[in-house]
Amino acid sequence: LPEAYRNFPFLVSESAEDPMGTLRCVACQICEKECPSQCIFIVMERDEKGKAMKRPKVFDIDTSVCMSCRICVEVCPFDAIKMDQVFEIATTDRFNALLLNREQLAKPNTYFQQIHPTEAAEVDARLAAERAAAEEKAKAAAAVKAAAIKAPPAPPPAKPSA
C-alpha cells in the first residue's frame, strides 16, 4: 500500500512491552470534540481522590461510523492518534466487533514507523527536540536553584544615621 493510504485511526504507544502505560494520549478529548461523525469516546482515568491522571481510562472508536477523514490526527497536539493501513476488517458481529477499545487501538511506535516512515521520522525528530529542550530548561532551572541555595543571603541595608 502507498504510504499515504489511510483507513481507521490507531493510538501510538512508545513501548511494545507496555502499550497501555506508554500511550502518547493524555485524554485531552480534542479528537472526540472535533470528530464530525462523533465516533470517538474518551473517559480520562482518575486516581482514588478523583484527580485526573492524564491518560485515557476508556478510548473507543466506532469504526462502523468512522469515515476516515483524518481530522482526529490533524487536531491531536500530542501525535497520539494516527491512521492505520489495515483494510481487512470484515466481521460477522456488526455491533461489538466494530467498536474498537483502547487495547485494540494501541500499537507501538515501531509499527507507525513501518507503515508511515516519512511522517514517523518527522514526528520522532520533533518529539526528541522537544524533550531535549525540556531537559535543558529543567537543568537551567536546577542550576539557578542550586546557585540561589549556595549564595549567602544579602546583608540588610544599613540604616542612615540622622
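For clarity, every value in this text was computed on a predicted model and none was experimentally measured.

Thresholds, definitions, all that
Residues numbered from 1 in each chain as written. Predicted model: local features only at pLDDT ≥ 70, side-chain atom pairs only at ≥ 80, totals over all residues. Heavy atoms only, no water. Helix = DSSP H or I, 4+ residues; strand = E, 2+ residues; numbered from the N terminus. Rg over C-alpha atoms; globule rule 2.2 N^0.38 Å. Buried < 20%, exposed > 50% of the residue type's maximum accessible area, 1.4 Å probe, protein only. Contact = heavy atoms within 4.5 Å. Lys, Arg positive; Asp, Glu negative; His and termini not counted. Charge placed at Lys NZ, Arg CZ, Asp CG, Glu CD. Pairing = 2+ DSSP bridges. Axes fitted to C-alpha atoms, helices over the stretch in contact; angles between N-to-C directions.

1. Section: the overall build of the protein chain
Then step 1. Scanning the protein chain for helices and strands turns up five helices and six strands.
Then step 2. Moving toward the C terminus, one meets the helices and strands of the protein chain in the order β-α-β-β-α-β-β-α-β-α-α.
Then step 3. For 162 residues, the compact-globule estimate of 2.2 N^0.38 gives 15 Å, and the protein chain exceeds it by more than 25% at 23 Å.
Then step 4. Each principal axis of the C-alpha atoms in the protein chain carries an extent, and together these give about 95 × 40 × 30 Å.
Then step 5. Of all 162 residues assigned to the protein chain, the portion counted as buried reaches 31%.
Then step 6. Within the protein chain, contacts between residues separated by at least 24 positions form 67% of all contacts whose residues are at least 6 apart in sequence.
Then step 7. Here the protein chain contributes 21 positive and 23 negative side-chain charges, whose respective centroids are spaced 11 Å apart.

2. Section: the sheet that holds strand β1 (residues 9-13)
Then step 1. As summarised here, the arrangement of the three strands in space is β4-β1-β6, forming an open sheet in which the pairing is mixed. Two strands close off the open sheet at either side, each with one partner strand: β4 (81-83) and β6 (106-108). Mean inter-strand twist for the sheet, computed between neighbouring axes without regard to direction, equals 50°.

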